[in-house]
Amino acid sequence: MPVPDVRKPMLATLKGEACQSPPFWLMRQAGRYLPEYRELRAKAGSFLDLCYNPEFATEVTLQPIRRYGMDAAILFSDILVVPHALGQPLDYLEGEGPKLDPVRNAGELKRLSTGNFHDRLGPVYETVRRLSKALPPEVTLIGFAGSPWTVATYMVEGGGSKEFAHIKKWAYSDPVGFAALIDLLVDVTADYLIAQIDAGAETVQLFDSWAGVLPVGAFRRYVIEPTRRIVAKIKAKHPNTPVIGFPRGAGLMYEDYAAETGVDAIGLDTTVPPAWAARNLQTRLPVQGNLDPILLVAGGEAQRKAVDEILEALAGRPFVFNLGHGITQQTPPEHVAALSKQIKAWPERA
């Protein structure tokens, strides 16, 4: 069985060690705020072409590592390659985000197929293989997928949503039919993450970006339980590979998610008070987070103060510094450089 490489601070932390200087990476650390990304994105053609081009996706993943020396690199891809690989038409419109041909009832699930799933995702696995060879030895490679509830929101709504009316109506009015979609996503998401690990990913993260729109009962049914099943499937094949869960907006349900899903570490969104997380979550498992991404846009004293507050609350125990959501396009690269310097200097400044 593979075991964590102790030279990698990120893996050591996810296994429960407290590093003197906490490891860090940033959600969406490879992206539009970097000029070198925008240059390569223009060459790729479409966003999906970029995701499915192993040469370009590898380069994009490496760009922030070269600039900032993060302790982990996250595979450059997108959570919606999963429904795309199931045969759901997907496009990304400039200024509008993803658009999918919606699936809104059990009968329409027949349009989806697992037959070519791994073939369609072959370029993603090739990117992982290339990254596992290209990254510096101390840098951990993170694979990822969207959690079933969050991926389902895009599949059913046909894109982003504010009210999630279509998916909630289906889930509430036809729980058996909707469960078929969730079950499908549990199976293919677990298979997808296992294939990433087989290709060289050293840890994986489940993004449940819209977990917070559900009431308690539905949260248990469509966030906690599917996550538990995915983690169990991964652990059956790769028991030593850490799984990070990010149930954005979970609020009071963070504790139950941490206790019941089997994840090895939990990502905190911006709303979670670090001191509360230290008392209620970090005693159970490593935590990751949770700087407001807009503070990286603002920079200066506001950024420095907020970073120190998070480090004071969470450093010294198993902790990975990150954002509370993805980095934004408006972020000045020099603010990320200042963040990196501040985190790496923390033991001397504390």
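Residues numbered from 1 in each chain as written. Predicted model: local features only at pLDDT ≥ 70, side-chain atom pairs only at ≥ 80, totals over all residues. Heavy atoms only, no water.

### Structural notes on the packing of helix α10 (residues 175-199) against helix α11 (residues 216-237)
It is the contact of α10 with α11, at a shortest axis distance of 9 Å, that shows an interaxial angle of 35°. Here α10 runs over α11; the crossing is right-handed. Contact residues: P175, F178, I182, D183, V186, D187, T189, A190, L193, I194, I197 and D198 in α10; R221, Y222, P226, R229, I230, K233, I234 and K237 in α11. For the contact of α10 with α11, the per-class residue count stands at 12 nonpolar, 1 polar and 7 charged. (Axes fitted to C-alpha atoms, helices over the stretch in contact; angles between N-to-C directions. Helix = DSSP H or I, 4+ residues; strand = E, 2+ residues; numbered from the N terminus. Left-handed = near helix turned anticlockwise from the far one by under 90°. Contact = heavy atoms within 4.5 Å. Nonpolar A, V, L, I, M, F, W, Y, C, P; charged D, E, K, R; others polar.)

### Notes on the layout of surface pockets
To locate leftover empty space, one rolls a probe as large as a water molecule over the atoms. A volume near 1,400 Å³ is recorded for the largest pocket. Lining of the largest pocket is provided by 39 residues; of these, R28, R32, F47, D78 and Y92 occupy positions nearest its centre. The element contributing the most residues to the lining of the largest pocket is helix α2 (residues 35-44), with 4 residues. (1 Å grid on protein atoms, 1.4 Å probe; cavity = no way out; pocket = protein on both sides within 12 Å on 5 of 7 lines; lining within 4 Å. Points joined across faces, edges and corners; volume = space filled by probe spheres on them.)

### Quick word on the pairing of strand β9 (residues 319-323)
A regular strand places its side chains so that they alternate between the two faces of the sheet. Among the 5 residues of β9, 5 are classified as buried, and the element is accordingly described as predominantly covered. Of the two faces of β9, both are covered, the one formed by F319, F321 and L323 as well as the one formed by V320 and N322. The pairing of strand β8 (residues 287-291) with β9 spans 5 bridges and is parallel. By the bridge assignment for β9, G289 is matched with F321. (Buried < 20%, exposed > 50% of the residue type's maximum accessible area, 1.4 Å probe, protein only. Pairing = 2+ DSSP bridges.)

### A word on the pattern of salt bridges
Applying the stated criterion across every chain, the model contains 15 salt bridges. When the shortest N-O distance is used, the salt bridge between E59 and R66 registers 2.9 Å. The class of R66 is exposed, set by a relative accessible area of 53%. Put simply, R111 and D101 hold a salt bridge, and the shortest N to O gap is 3.3 Å. You can see R111 sitting in the loop between β3 (97-100) and α6 (117-120) and its partner D101 sitting in the loop between β3 and α6, a full 10 residues away along the chain. A cluster of three or more residues bridged by salt bridges with shared partners is formed by D101, E108 and R111. (Salt bridge = Lys/Arg side-chain N within 4 Å of Asp/Glu carboxyl O.)

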